[in-house]
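# Coordinate analysis (summary)
One letter stands for each residue in the lines below.
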Amino acid sequence: MKTRIAGIDLARGLAVFGMFAVHVGPDPAQTPGLLGDLMQATHGRSSVLFATLAGLSLALITGRQQPNTTGRDYVKIAIRAAVLVALGTCLTLLGTNIAVILAYYGAFFVLAMPFLRLRAPWLLGIAGALAIVGPVVAILSKQTWTMWSSDPLEQISGQGVLQFLLTGFYPAVTWMPYVLVGMALGRLDLTSTKLRVTLLVMGPLMAIAGYGGSAIALQEFGGGVAPQPLSFQWLLESTPHSNTTFEIVGALGVALIVLSVSLFVGEWIPTLARPITAVGTMSLTLYTAHLLAIAFLTTAGAQIEPVTELVWFIATASVFATVWLIVFRRGPLEYALHGLTRLIPANAPRQRVMSLPSSR
């Protein structure tokens, strides 16, 4: 049995808490001081961390440092993708004001399948190229493409194929770099202290390059006015969900910082980190539950002070996850998803799937 790396679950738990902060926490623009800075730090970056860890998980379940993907693996990932799209669509239909990311993750899983047999250098190279080209393609798509009126997903939930790929809140053309970098990390030895230190150094450098580079570019070439989202000047931005190269680099830097610190903390003080790690082991369950809770509270017209609501969400998730894992190995939805993938025969034949060549 492959050993589970606690630091990855710890980072995923922090990503879940970050999403709680974005969805129910106080508005950073109206919250002064350190709390406002913390709330601002979660916007955009929590979902990026989650996407990066999703890619990392794909690598972990397909051979880790030795890519060994079989036809059964592709089917399992396709099932996971279908479930995420279906669940994400249902959660979108709740009518909250939250941009639900699960259906997009399903699309990312499908798009990642041709790259599952690649090693880290190839994955990083493709991610870098896409980080440069993707934002330009996204802007051109929003300028020229219209909705596909016959897309059944778009008719049901307002999120169709074009949104998943090019024009949505989390378009694959600019979000796949996060997934591919995560896959590259999963192909490396995450138990290596040298690698963890490298990530801890690279993270701040990338964050400075992304956010600092954007600030300099806007000052030098921005003309002193805020760029319009559909203009090419927008490519100088690095604000959350701007989907630019600067944001991709900066947000990935933050993700590397969180991951590297989590890997150390999860190993050094696992007992203290256990409540957050437990949340990370059942992120699908708790992400879904928190959206259901938000929909219920909104329908009931509940008026809760944002800081109090955020504390309750974090505390409830931590206690539930910690107690649940005393008895069970997985969260409720994680058990259901695992059960679906176990329906695939263990002796399913290997299949040759078109992909880029391995970098062996």
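This is a predicted model, so every value here is computed, not measured.

## What about the overall build of the chain?
Regarding its fold elements, the chain presents 15 helices and 0 strands. Seen through its principal axes, the chain has C-alpha atoms that stretch 60 × 50 × 50 Å. Residues counted as buried form 47% of the 360 residues belonging to the chain. For the chain, the exposed area adds up to about 17100 Å²; of that, 68% sits on carbon and sulfur atoms. Charged side chains of the chain number 21 positive and 14 negative; the gap between the two group centres comes to 20 Å.

## Regarding the pattern of salt bridges
Under the counting rule described, the total for this entry stands at 3 salt bridges. The closest approach of N and O atoms between Arg4 and Asp9, which form a salt bridge, is 2.5 Å. Residue class for Asp9 comes out buried when judged on its relative accessible area of 3%. Here the salt bridges share partners, and the residues they tie into one network are Arg4, Asp9 and Arg12.

## Considering the packing of aromatic side chains
As enumerated under the stated definition, the model contains 13 aromatic pairs in all. Grouping aromatic residues by their ring pairs yields a cluster made of Tyr104, Phe164, Phe169, Tyr170, Trp175 and Tyr178. Directly above the aromatic system of Phe264 lies the positively charged group of Arg196, at a separation of 5.7 Å from the ring centroid.

## Describing the nonpolar core
Judged by nonpolar contacts, the single largest core of 80 residues is most densely connected at Tyr105, Phe108 and Met183. Among the elements that make up this core, the one with the highest residue count is helix H9 (residues 172-186) (10 residues). Once residues lying within four places of it in the same chain are set aside, the contact partners of Tyr105 are Met19, Ser47, Phe50, Ala51 and Leu84.

## Overview of the environment of Ile132
When you line up the elements, Ile132 lands in helix H6 (residues 120-144). Between the C-alpha atom of Ile132 and that of Leu235, which follows or precedes it by 103 residues, the distance is 10.0 Å.

## Points about helix H4 (residues 71-92)
Here H4 contains 22 residues, and its C-alpha end-to-end distance of 32 Å stays within 8% of the 32 Å for a straight helix at 1.5 Å per residue. Within the span of H4, buried status applies to Gly71, Asp73, Tyr74, Ile77, Ala81, Leu84, Gly88, Thr89 and Leu91.

## Remarks on helix H15 (residues 332-342)
Listed as buried for H15 are Glu334, Leu337 and Thr341. On an axial view of H15, the arc spanned by its buried residues comes to 65 degrees, and they lie on one face. Against H4, helix H12 (270-281) and helix H13 (283-300) lie the buried residues of H15.

## Details of the packing of helix H3 (residues 45-60) against helix H11 (residues 245-268)
Following both chains from N to C, one finds H3 and H11 inclined at 65 degrees, their axes separated by 9 Å at the closest point. Taken as axis vectors, H3 and H11 run roughly perpendicular relative to one another. Relative to H11, the crossing made by H3 is right-handed. The residues of H11 that touch H3, namely those facing Arg45, Val48, Leu49, Thr52, Leu53 and Leu56, are Ala251, Leu252, Val254, Ala255, Val258 and Leu259. Of the residues belonging to the contact of H3 with H11, the class tally is 10 nonpolar, 1 polar and 1 charged.

## Looking at the confidence of the model for the chain
Residues at a pLDDT of 70 or more form 91% of the chain, whose mean pLDDT is 89. Throughout residues 348-360 the model reports pLDDT below 50, and contacts reaching past four residues in sequence, or to other chains, amount to 26 contacts.

## Thoughts on the environment of Ile294
In this structure, Ile294 sits in helix H13. The class for Ile294 is buried, based on a relative accessible area of 8%. Put simply, Ile294 and Ile98 are 196 residues apart on the chain and 9.5 Å apart in space, counted from C-alpha to C-alpha. In this structure, Ile294 is in contact with His23, Val24, Thr96, Ile98 and Phe313, ignoring residues within four places of it in sequence.

## Comments concerning the side chain of Ser141
Considering the arrangement of structural elements, one finds Ser141 in helix H6. Engagement of the side chain of Ser141 in a polar contact is seen with the backbone oxygen of Val137, the distance being 2.7 Å. Setting aside its immediate chain neighbours within four residues, Ser141 contacts Leu166 and Thr167.

## Focus: unusual backbone geometry
Of note in this structure, Arg64 is not a glycine but carries a positive phi near 55 degrees. Positionally, Arg64 belongs in the loop between H3 and H4. Residue Arg64 is classed as partly exposed on the basis of its relative accessible area, which comes to 24%. Positive phi values are uncommon outside glycine, yet His241 reaches one of about 65 degrees.

## Brief notes about the packing of helix H1 (residues 6-24) against H11
Each pair of packed helices can be summarised by the angle the axes make with each other and by the distance between the axes. It is at 7 Å that the axes of H1 and H11 come closest, and there the two elements cross at 125 degrees. With respect to each other, H1 and H11 are oriented oblique. As for how H1 packs across H11, the hand of that crossing is right-handed. Between H1 and H11, the contacting residues are Ala6, Gly7, Ile8, Leu10, Ala11 and Leu14 on the first element and Val258, Leu259, Ser262, Leu263, Val265 and Gly266 on the second. Residues that form the contact of H1 with H11 fall into these classes: 9 nonpolar, 3 polar and no charged.

Thresholds applied
- Residues numbered from 1 in each chain as written.
- Predicted model: local features only at pLDDT ≥ 70, side-chain atom pairs only at ≥ 80, totals over all residues.
- Heavy atoms only, no water.
- Helix = DSSP H or I, 4+ residues; strand = E, 2+ residues; numbered from the N terminus.
- Buried < 20%, exposed > 50% of the residue type's maximum accessible area, 1.4 Å probe, protein only.
- Areas by Shrake-Rupley, 256 points an atom, 1.4 Å probe, with all protein chains shown as cover.
- Lys, Arg positive; Asp, Glu negative; His and termini not counted.
- Charge placed at Lys NZ, Arg CZ, Asp CG, Glu CD.
- Salt bridge = Lys/Arg side-chain N within 4 Å of Asp/Glu carboxyl O.
- Phe/Tyr/Trp six-rings, centres within 6.5 Å; stacked < 30°, edge-to-face > 60°.
- Lys NZ or Arg CZ within 6 Å of the ring centre and 35° of its normal.
- Core = buried A, V, L, I, M, F, W, Y, C linked by side-chain atoms within 4.5 Å.
- Contact = heavy atoms within 4.5 Å.
- Expected span 1.5 Å × (residues − 1).
- Arc of directions from axis to C-beta.
- Axes fitted to C-alpha atoms, helices over the stretch in contact; angles between N-to-C directions.
- Parallel < 35°, antiparallel > 145°, perpendicular 65-115°, else oblique.
- Left-handed = near helix turned anticlockwise from the far one by under 90°.
- Nonpolar A, V, L, I, M, F, W, Y, C, P; charged D, E, K, R; others polar.
- pLDDT = per-residue confidence, 0-100.
- Polar contact = N/O pair within 3.5 Å; in protein donor to acceptor, adjacent residues only side chain to side chain.

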